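Tertiary structure, described
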Amino acid sequence: MSEIPAKATESEDPSGGARSGAADGLFSGDAPSGDAMWQSSPPGSMYDYIKVASFSIGPDGLVDQWSLRAEQLFGIPAERAVGMDPIEAFVEPVRRERGQRKMAEILDGREWTGVVPFRLPDSLVADGRDREGLAEVYVMPTRTEEGQKAAVCIVVDVRTLRRIETDLAASQAIFGQSPFGFLLIDPDLRVRRANQRFASIFGGTPDDHRGKGVHDYLPRGEAERVAATLRRVLETGDSITDMHVTGYVPGSEERRHWSVNLYRVHSGSGRPIGISWLGTDITDRRAAAREAAAARRNLALLNEAGARIGNSLDLETTARELLDVVVPGFCDLATVDLYQGLLAGDETPPGLADGSAEVRRVAFASAVSDAPFGGTGDPVKLGAVHHYPFNSPCADALRTARPQTVPGEDGGLVQSTLAVPMVAHDTVVGLAQFARTKGSEPFGDRDRDLAVELAARAAVCIDNARLYRREHERALILQRSLLPPGDPEASGLDIACRYLPGNAATGRTGEVGGDWFDVIELPGHRTALVVGDVMGRGLRAAVAMGELRTAVRTLAQLDLEPAEVLSQLDEIARGLGAPGGVQQATRAARRPREADLSEVYLATCVYAVYDSVTRRCTFANAGHLPPVLVEPGEPALMLDVPPGMPLGVGGEPFEEVEVELPEGALLALYTDGLVESRDHPLDEGLQAFVGALTDPSHPSTAARRADSHPNLEDVCDHVLNTLDTHHGEDDIALLMARVQGLPADAVGDWTLPREPRSVGRAREYARAQLLSWDLEPLVDTTELLVSELVTNALRYGEGEIRLRLLLDRTLVCEVWDSGLVQPRRRRARDTDEGGRGLQLVGLLSAAWGSRRTPRGKTVWFELPLPGADTVLTDPAEALLSLF
């Protein structure tokens, strides 16, 4: 309350009536008698905001009292203000005359109220003070102690009043016109004031909310949390921004969300008087945020699915990869069922029209339980084959290729299940089920679309794996069909072999390679051993391998030298990648080299021919790894066979190396998959292979110490178990042969002079040798055929004649001469006296032929040994059949 000068003790109203003064009681603090209770104004009253000052004017019209508030309002201390003429000091000259008249009226005892512009004198203005002012003045006449007329003036700064008025208008506009819910909460946490926006949400008028607390608007738990926050703001003064509050509005069961800002409100003196509550409904924003979060989650799931699904070309692994992505990020339980026919390798996924074909559960995942999934019927164990009833939602999903939502059973764990068909290229390959447990958010349309997309991606990967598996199996079947069936047999050799397709040891499906081996029987109890590797993988490599293997067998039957065989193979390999075949490839090689768009086939190969009579082996190598030889009592060593260029490069000749193999020696031919992998370089693998054959624990070593021959099958197993053959990176081919030459008593060799008597001697030598071998049933046939071949050598050959008989699994007769002209079989006419000798040889022998030798040619025939299953042809009947 503003102070009043002490000298103003009484006043009169315009009618002359006396007014009672209470100055003494007012300032002393004593409570006067009566109904009114006068108190000093506490801090925070309106006078803290309104600048109110007072001063008194004496009978002479000069200031005789100057209050402290007047000093603050006008900026003039009391010692300077007392004695001044207020009209002369504060009123502009043009208004002074009127001011003097008003002062006279006031001193005459009249009250006056008005707005007076004033200007502080230059001599009385401190530096920086505004000289212009506007004051609302209330003048009350009084009398002095001597009874003279005086006046008390109450002055209010109009500028402050107008600023307060503006602030109140702005406050009212903000509070009343705000689109947000606005509350003023008192220190007792009761609503002191609410705006219309708040009332429109919670009902009633703003006045209806006065005195209510947060418990009247929010659920108990949420109200306790908010109340605690209000107390903290009131105590600490720390504001709260974007506090989320959840509750319900009257007449609605929908959960609403608000964002609330809280800050403490103070009076003009700084005393806390309450809390301001500014609330915004963010229900829609939270829903949009949830939608955005769900979209981000779905996008993240799709990105993860793209990175994790389809890394393996295995059907079961791909199904498990799908469940690894969706559990627990998308659902709590999930299963994948694939058509049984698809897993069995059928050309197309079976799938009946009614959706009840047999399916197998190939994957299951759970984030809450390890129990079998039973969201859509009886539980099915992992790996079990089953089918869905015709009227079940799962059968309907398989039948229509559309997802189905299956509600959970009462009392069960599952809230709902999405049965999503796995569709790839318009073909249903299986069914994926995604389930959420009770208490989880139910599946929505967005979740349904995501499940369809995830299932479709997995289905495409599964279909690709199916196609890859089919191609792999076909290539593997083709490759195995081109390899020697069963255990190969050869004269004078004990053979053992192993073939491991790529990834067979690791259990993962992979592309087959072009590795192959072959054992080819040649005339004269000779054997061709072949090991090769077509560079590349897949069906094309397997087909190229088959073509090369067929070409090798054909060339081997022509009895060409090993180097010549590889030269012909090189031409064939170059023709495999040229549209016009071998001839086109040869012409292209002669032209200037330009951009060649044809596919290039390269292969490595080692070709060896072993003669069981001489125990000599001739090698030729086309870029392949060297053979390994283990002689009895000696460590294993790699043969120094010059490595020529790979097949398909062309332009380089191949060299031959002839090696004499001792009795009982072990020869090993192999491909690079046996000795090379990512973890083991080639040099290290070769040393390990040689070491495995030389290892004291090797079965062949122990057998050599016991002067016996080990089982070659055991040797192969020892090598594969010792080396790193489980990497699965490449095919492995291993061909091992132990030398077992023909005994000397199984060979008959004679040289005949070039004269007619040699025909009779040849028959005598043959008869005697066959009788010594106890082959009397073959004597007549052999004599006849030997006579024919020796006669042809005398008539058409050159030089001396050599006759050789070889006994092993069959009887072989060879006639050698120095002539280069090969015999040619022709059909004799009925009137011809000759020309039937080779026809007779063809009728009586199991096989016959001729081959070139370094010194001429050799004509041979082969007869099966007599036995229970052998039917010998009667020579007489054969002769008669020629006529």
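Structure: above.
Now for a quick tour of the structure.

Definitions and cut-offs
- Residues numbered from 1 in each chain as written.
- Predicted model: local features only at pLDDT ≥ 70, side-chain atom pairs only at ≥ 80, totals over all residues.
- Heavy atoms only, no water.
- Helix = DSSP H or I, 4+ residues; strand = E, 2+ residues; numbered from the N terminus.
- Buried < 20%, exposed > 50% of the residue type's maximum accessible area, 1.4 Å probe, protein only.
- Areas by Shrake-Rupley, 256 points an atom, 1.4 Å probe, with all protein chains shown as cover.
- Pairing = 2+ DSSP bridges.
- Phe/Tyr/Trp six-rings, centres within 6.5 Å; stacked < 30°, edge-to-face > 60°.
- Lys NZ or Arg CZ within 6 Å of the ring centre and 35° of its normal.
- Axes fitted to C-alpha atoms, helices over the stretch in contact; angles between N-to-C directions.
- Parallel < 35°, antiparallel > 145°, perpendicular 65-115°, else oblique.
- Left-handed = near helix turned anticlockwise from the far one by under 90°.
- Contact = heavy atoms within 4.5 Å.

A look at the overall build of the protein chain
Secondary structure assignment for the protein chain yields 23 helices and 33 strands. Each of the 883 residues in the protein chain was classed as buried or not, and the buried ones make up 46%. Summed over all atoms, the accessible surface of the protein chain reaches about 44800 Å², with 50% contributed by carbon and sulfur.

Let's talk about the pairing of strand 18 (residues 427-437)
The element strand 18 is largely enclosed, with a buried count of 10 among its 11 residues. Of the strand pairs in this sheet, strand 13 (residues 333-339) and strand 18 are connected by six bridges, and their pairing is antiparallel. What sits directly across from Asp-337, in strand 18, is Leu-431. A loop of two residues connects strand 17 (residues 414-424) with strand 18, the two strands running antiparallel in sequence, and His-425 in this loop sits at a positive phi of about 55°.

A short note on the sheet that holds strand 15 (residues 385-386)
Strand order in the open sheet made by the six strands is 15-14-13-18-17-16, with antiparallel pairing throughout. Lying at the two open borders of the sheet, with one neighbouring strand each, are strand 15 and strand 16 (404-407).

Focus on the packing of aromatic side chains
Inspection of the entire model under this criterion finds nine aromatic pairs. With a centroid separation of 5.4 Å and 35° between ring planes, the pair formed by Phe-55 and Trp-66 is classed as tilted. Within this pair, whereas Phe-55 is found in strand 3 (residues 52-57), its partner Trp-66 is found in strand 4 (residues 63-66), the two being separated by 11 residues in sequence. You'll find Phe-55 and Trp-66 in the same group, each marked buried. Put simply, the rings of Phe-198, Phe-202, Tyr-217 and Trp-258 pair up and form one aromatic cluster. Over the ring of Trp-816 we find Arg-802, and its NZ or CZ is 4.5 Å from the ring centre.

Thoughts on the packing of helix 20 (residues 757-772) against helix 21 (residues 779-796)
Two elements in contact, helix 20 and helix 21, have axes separated by 9 Å at closest approach and are oriented at 150°. What the angle tells us is that helix 20 and helix 21 run roughly antiparallel. For the crossing formed where helix 20 meets helix 21, the hand is right-handed. Residues Ser-758, Val-759, Ala-762, Arg-763, Ala-766, Arg-767, Leu-770 and Leu-771 of helix 20 form the contact with helix 21, whose own contacting residues are Val-779, Asp-780, Thr-782, Glu-783, Val-786, Ser-787, Val-790, Thr-791 and Leu-794.

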